[in-house]
Structures are given as C-alpha cells and as structure tokens.
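Structure at a glance
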Amino acid sequence: MVKDLSVDLCGIRLKNPVVPASGTFGFGLELAGDMDLNVLGGISLKGTTREARYGNPTPRIAECEGGMINSVGLQNPGIDVLVGEKVPSLRKVYDGCIIANISGFSLDEYKECCAKADACEGIDIIEVNISCPNVHNGGMAFGTSAASAAEVTAAVKAVCRKPVFLKLSPNVTDIVSIARACEDAGADGLTLVNTFLGMRIDIVRRKPVIANKMGGFSGRAIFPIALRMVYQVAHACKIPVMGCGGVATARDVVEMIMAGATAVQVGAENLRNPFACPEIAAALPALMDELNINALKDIIGTV
Amino acid sequence: MNKSLYTIAENSLIATKTYKMVLEGNGVEGGEFVDIGIPGYFLRRPLSVCDCEEGRLTLVYKVVGEGTKVLSEMAVGGKLEVLTGLGRGFDPEACRERALLVGGGLGVPPLLLLAKRLKAQGKHVTAVLGFNKADEIILADEFRAVSDEVLISTVDGSVGEKGFVTDAIVAGKPAYDYFYTCGPMVMMKVVCNALEGPGEASLEERMGCGAGFCYGCSIQTKNGPRRVCKDGPVFKKEELIW
C-alpha cells in the first residue's frame, strides 16, 4: 500500500514532515547542487534580522558527547536580501514549504522583518525566533517570559496574513505557560525546541572553547528533553507544533509525531551528515510499513 | 560534495604523533579537504588532501585530541564514512613561472598535491618546509621528488636553517612570481606580511558542517564575511585581514 507521508500545517500541505531546522541548512541554496531539495517537506531558512550581521567571533563550534554547541550569532545578509534574492532563488528550484525564520532585537524589528517576509511571495510560513541563545538583548530574551512572548506574537500577528509560528526556547522553567501565552496572543503554530544554553572548556588552554564562551547545545543528546517538551506543549495547546531537537532518524520523526508534532525539524544532524534530511524522508515509508502506519497524519499526538 | 564509504589501506606513524592514512573508495575528486566521520564522535574531522589519484586518497594528520587518537588506532581494512569534494583549493594557474610553497607543520601535506600540479604545468617549484624539530619532519623526500628546490627550517636547528620558514626564505632567497602558504595561522600571517608579491593562504578554522551551510567557520575578509570551508579554505593574500 502506498504510504501517505503528507501533513498539513495551517492549511499548507507538506509532502512529508521532514524540515531542516533554521540555521542548519543555510538558505537551502547552499545544498541545491548536492541533493534534490524537493524530497524535503519544508525548509526553515537561516535566522534573519533587519540588518546584515556577521555574527559572533570564531571559534563558533564545539563538539560534545552526542551533540555540539554552536554560537554563530545570527550571521545573515538581512531581511531585504532574504526576500529579494534568497527566497526567489530558492523558489526556482524548490516547490515545497519555505519557512522564513525571523529574529530581532526589538519589537519594531520583529514587526518590520515579519511584514517584509509576509509580503514575499515565495514564503509560506513565518517562524519567529524568540529563542536564539547566541545574541544579547534580543532573541532568547523575548522567549523566556510568557508576557514578552505574547507581546512579540501579538505584534507580529498584527502585520502578517501568513501562518506565524513562534520558535520557543527550552531554557525556561515552564515552556507550557509560554506556549499557551503565544497561542492566546494569536500564534498559528509553535516550533520547539531551540538549543540549550551550554558551554565547554579547553582544559589545556584553560579557556572556553567557544569564543563567545557559551552557545546553544543541540544534537542527538537533547532528543528526550525536546520530545518531552513537544509532548507537554502539544497536549496543552490546540495549534500545530513543529517538533525539533536531536532528531536524527526516521524513528525519531515518528516518535516526535506520536508525541504531538505535526512536522518535524532536523537540526544539528545536518551538520554531521548533510544528507540527513533526504535519508530520513526516504526511510519513512519502510518504517511506516513496519509499524502498520498508513498515513502519518493518523498518528499525530496519539500517545 | 559526496558521502561515501572508504576503506583504510594504510594508517602508519610517519613522525611524532603524525600519521599517513591512505583511503580507497569512490568519492568525488577535486576539493581541498575531506570530512571524516569518526565512530563515536558527533562532528566529522576535516583533513586536507595530501594526494589523490584513482580512488586513492592520501591524508596526513596529527593526533591532537580524542577524535584523531581514535582515527590513529583504526586498523587497515576498516571503513570510514567520508565527505569528499569539499572546499576551494590552491590555484596553480595563478603562478606564471616560478612558485614558492611555504608550509609549516601539518600545513605541509596539502602543498604536496599543489607541487605535483604545478610541476605538471611545467612550472618551477621551490618548497620551504618548516618544523619544530627533526622528529616532526614529514614528506621531505616526497617534496624533493616533485620540486626543483626544497628548503627546510627547524625551530631548534636540528635540520636545515635554524628558525622559521621566513629565516629559510631570507637565507635561500628563492625567486618566485607567486607564493602559496599553509600552516599555523601565526606563520601564515608573518608569511603574507613578509613576502612581496601576490599569493594565497589556506586557512584553518573550527568547522561545523564543512560544506558551507552552517556558517560556523566564517571569517571577516576585505570582501566581507567568507566561509572558510566553502569560499576557502584558500584565500588570496589581498583578501585577508590578519
């Protein structure tokens, strides 16, 4: 029997639930020569701000057991280049769901960038990053209290017609209260989780490995924690969730969907295996057969 | 870029903590480095290509941490998953007639492939190779086989000119119209500042994906931000900000 891998995010059909997570797949174009992007359900583009940013000093990467720390610091060419060049170029080679990931340092910046993304024809979903651990006075600061998360959500929703997903930080006491605040403020969906604030020390140099001292920890090691948060949030909210955090295999994807995710983002795994997403998408039908699943839609949040 | 399995055909100690590994497989040719998956470690290890012909890749690496230690303990016949065809390498065409290759320590191996390519184009090659001491010298005979002139420097003076590569260059006064350098960042900075004329340097940076999409290894250049793994690792001297 032909397996139905498609899922529906706020009325947008994804051919499968596999979506490379923001920051782990560039603007899609970087990999267009190496694989057929059209096997991907969606692509979440690299986090974008109003102005171009170089990001943090190097080293930006530190290896860990079962994962890695990154402190890229939102290097990006700015929103005008995103909507004027990156998205139109990607649209020429990719027919799936394009998700713009927007970051900011003020409410005004979030609003201005989201409005521009909303006006860009090629973009299907706007993912608002209120959880970047690698920039000061912005990013995660908005995502660590229910009040400020709701404030960003309402401000962005007021200028967008396209579905708006809020990307949540796991570095909080109660992620469910923040998720609910976003939902109450009008969010169309939620992406969770972003990276966990982490650190490594080079014991020979007696200095932090990362130039910015701390960074976001992600990779296979965080999967159980991310899954737990997805489960809690998906069962507390009605809006769809994109599950993210440590996903590395087709089995992980099914697990995330059973926990309540409608789509599943793959992040750090792309950095160790650039072909992770197409491989996971290709492995899903056989796994569904093994588990007697005919349509992935049927198992969303069934646990 | 291509991901494929390679078989270890050789993995032998050639100098202090330094190994030569020969891999056999069918990845793509070209590119300046490969990214090797090491069992038990999350990120791959980028290693520059020292030689490459008909499905055989020669890599020279030093044990600097746990990952490279595991690599050094792998037996002949073992399999490694390798990303091949990564990075923009040296441009042999940039040299008109006489090339000066300046390598330091583990920066020496990728210059060997360049030396072969330059010779194949009929160009004159002078290689200046710098090491800390005699038991760290690598590939000297291989360079002599493909170069017109090889100058060696050691910091302790145990072999060749005592001091750094720049001391060997001052002493040997090689004629060149273009230089190529790879080695520790501090060495390349001195080389780029000291040597007259155009040249290029192969940079080193801690990498994430190795293929240009994570932006983990970005550097600032005179032409804006560049990714060491994709836009480089080789950059023109004029672009670099030291």
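Residues numbered from 1 in each chain as written. Chains lettered and ligands numbered in written order. Predicted model: local features only at pLDDT ≥ 70, side-chain atom pairs only at ≥ 80, totals over all residues. Heavy atoms only, no water.

On a plain count of helices and strands, chain B comes out with 5 helices and 15 strands. Relative to the compact-globule value of 18 Å for 242 residues, chain B shows a C-alpha radius of gyration of 17 Å, a close match. The principal-axis extents of the C-alpha atoms in chain B amount to approximately 45 × 40 × 30 Å. Looking at the 242 residues of chain B, the share that counts as buried comes to 55%. Within chain B, residue pairs in contact and separated by at least 24 positions form 62% of the contacts whose partners lie at least 6 positions apart. For chain B, the accessible area works out to roughly 9900 Å², and carbon and sulfur atoms hold 51% of it. Averaged over its 28 positive side-chain charges, chain B has a centre that lies 3 Å from the centre of its 31 negative ones. (Helix = DSSP H or I, 4+ residues; strand = E, 2+ residues; numbered from the N terminus. Rg over C-alpha atoms; globule rule 2.2 N^0.38 Å. Buried < 20%, exposed > 50% of the residue type's maximum accessible area, 1.4 Å probe, protein only. Contact = heavy atoms within 4.5 Å. Areas by Shrake-Rupley, 256 points an atom, 1.4 Å probe, with all protein chains shown as cover. Lys, Arg positive; Asp, Glu negative; His and termini not counted. Charge placed at Lys NZ, Arg CZ, Asp CG, Glu CD.)

With 25 residues of chain B in contact, the opposing surface of chain A contributes 33 residues. Each partner contributes to the roughly 2500 Å² buried at the junction of chain B and chain A, and carbon and sulfur atoms together form 58% of this total. When the buried area of chain B at its contact with chain A is split by residue, F42(B), F213(B) and Y215(B) rank highest and sum to 35% of it. If you look at where chain B meets chain A, you find 2 salt bridges. Here R45(B) makes a salt bridge to E63(A), at a shortest N to O gap of 2.6 Å. Here chain B is connected to chain A by 15 residue pairs in polar contact (both at pLDDT 80 or more). Split by residue class, the side of chain B that touches chain A holds 13 nonpolar, 6 polar and 6 charged. (Buried area = accessible area lost by both parts, 1.4 Å probe. Salt bridge = Lys/Arg side-chain N within 4 Å of Asp/Glu carboxyl O. Polar contact = N/O pair within 3.5 Å; in protein donor to acceptor, adjacent residues only side chain to side chain. Nonpolar A, V, L, I, M, F, W, Y, C, P; charged D, E, K, R; others polar.)

What follows deals with helix α9 (residues 276–290) of chain A. All names here are of chain A. Compared with the 21 Å implied by 1.5 Å per residue over 15 residues, the 21 Å span of α9 between its first and last C-alpha is a close match. By the largest-angle criterion, L284 marks the main kink of α9, which is about 35 degrees, and a proline, P285, follows within four residues. Listed in full, the buried residues belonging to α9 are A276, C277, P278, I280, A281, L284, L287 and M288. With its phi angle positive at about 55 degrees, N292 sits one or two positions after the end of α9. (Expected span 1.5 Å × (residues − 1). Bend = angle between axes of the 7 residues up to and from the residue.)

Throughout the structure, instances matching the rule amount to 6 aromatic pairs over all chains. On the basis of an interplanar angle of 90 degrees and a centroid distance of 5.2 Å, the ring pair of Y110(A) and F142(A) is categorised as edge-to-face. You can see Y110(A) sitting in helix α2 (residues 107–119) and its partner F142(A) sitting in helix α3 (residues 140–143), a full 32 residues away along the chain. The buried category is assigned to Y110(A), whose relative accessible area is 0%. Between Y19(B) and Y61(B), the aromatic rings sit 5.6 Å apart at their centres with planes inclined by 15 degrees, giving stacked as the arrangement. Here the residue Y19(B) occupies a position in strand β2 (residues 18–24), and Y61(B) occupies one in strand β5 (residues 56–62), the gap between them amounting to 42 residues. Side by side, Y19(B) and Y61(B) carry an identical accessibility label, which is buried. Cluster of aromatic residues (ring-pair linked, three or more members): F90(B), Y178(B) and Y180(B). (Phe/Tyr/Trp six-rings, centres within 6.5 Å; stacked < 30°, edge-to-face > 60°.)

Before going further, it helps to examine the domain arrangement of chain B. Residues and elements named next belong to chain B. Taken domain by domain, chain B comprises domain 1 (2–86) and domain 2 (92–239). Centre-to-centre separation of domain 1 and domain 2, based on C-alpha positions: 21 Å. Contacts between the two partners involve 19 residues from domain 1 and, on the opposite side, 20 residues from domain 2. Of all residues in domain 1, the largest losses of buried area upon contact with domain 2 belong to E32, F33 and C50, amounting jointly to 28% of the total for that side. At the boundary of domain 1 and domain 2, one finds 1 salt bridge. Among the salt bridges present, the one from K116 reaches D51, with a minimum N-O distance of 2.4 Å. The tally of links between domain 1 and domain 2 comes to 3 residue pairs in polar contact (both at pLDDT 80 or more). Those elements giving two or more residues to the side of domain 1 that touches domain 2 turn out to be β1 (2–15), β3 (33–36), β4 (45–53), β5 and β6 (79–86). Top contributing element to the side of domain 1 that touches domain 2 by residue count: β4, with 6 residues. (Domains from an automatic or database assignment.)

Attention shifts here to the sheet that holds β3(B). Residue and element names in this part refer to chain B. Reading around the barrel, the 6 strands line up as β1-β2-β5-β4-β3-β6 and close back on themselves, with antiparallel pairing between neighbours. Across the sheet, the mean angle separating the axes of adjacent strands is 45 degrees when strand polarity is ignored. Helix α2 (residues 109–120) rests against β4 and β5 of the sheet, and its axis sits at about 30 degrees to β4. (Pairing = 2+ DSSP bridges. Axes fitted to C-alpha atoms, helices over the stretch in contact; angles between N-to-C directions.)

With that settled, the discussion passes to the environment of R53(A). Residues and elements named next belong to chain A. Within the element layout of this structure, R53 appears in the loop between β4 (42–44) and β5 (61–64). Take R53: its relative accessible area is 24%, and that puts it in the partly exposed class. Taking the C-alpha atoms as reference points, R53 and G78, separated by 25 residues in sequence, lie 7.0 Å from one another. Setting aside its immediate chain neighbours within four residues, R53 contacts G73, L74, Q75, N76, F105 and V135. Within the structure, R53 has its side chain in polar contact with the backbone oxygen of G73 (distance 2.9 Å).

Residues and elements named next belong to chain B. Taking every second residue as pointing to the same face, both faces of strand β12 (residues 199–202) are buried, with G199 and A201 on one and E200 and S202 on the other. As paired elements, strand β11 (residues 178–182) and β12 share 4 bridges and run parallel to each other. Within the sheet, the bridge partner assigned to T181 lies in β12 and is A201. In terms of handedness, the path from β11 via helix α5 (residues 185–194) over to β12 forms a crossover that is right-handed. In this structure, β12 lies alongside strand β15 (residues 234–236), joined through 3 bridges in antiparallel fashion. Bridged to S202 within β15 is V234. (Right-handed = clockwise from strand over helix to strand, strands pointing away.)

Applying the stated rule across the entire model yields 3 cavities of 30 Å³ or more. Approximately 480 Å³ is the volume found for the largest cavity. In this structure, the largest cavity is lined by 36 residues; those nearest its centre are S22(A), G23(A), N70(A), N194(A) and T195(A). At the level of secondary structure, the elements contributing two or more residues to the lining of the largest cavity comprise β6 (67–70) and α8 (269–272) of chain A. Along the lines of polarity and charge, the residues of the lining of the largest cavity split into 15 nonpolar, 17 polar and 4 charged. In this structure, the second largest cavity occupies an estimated 60 Å³ of space. Lining the second largest cavity, in full, are V28(B), E29(B), G30(B), G31(B), V34(B), V49(B), C52(B), L57(B), T84(B), G85(B), L113(B) and R117(B). (1 Å grid on protein atoms, 1.4 Å probe; cavity = no way out; pocket = protein on both sides within 12 Å on 5 of 7 lines; lining within 4 Å. Points joined across faces, edges and corners; volume = space filled by probe spheres on them.)

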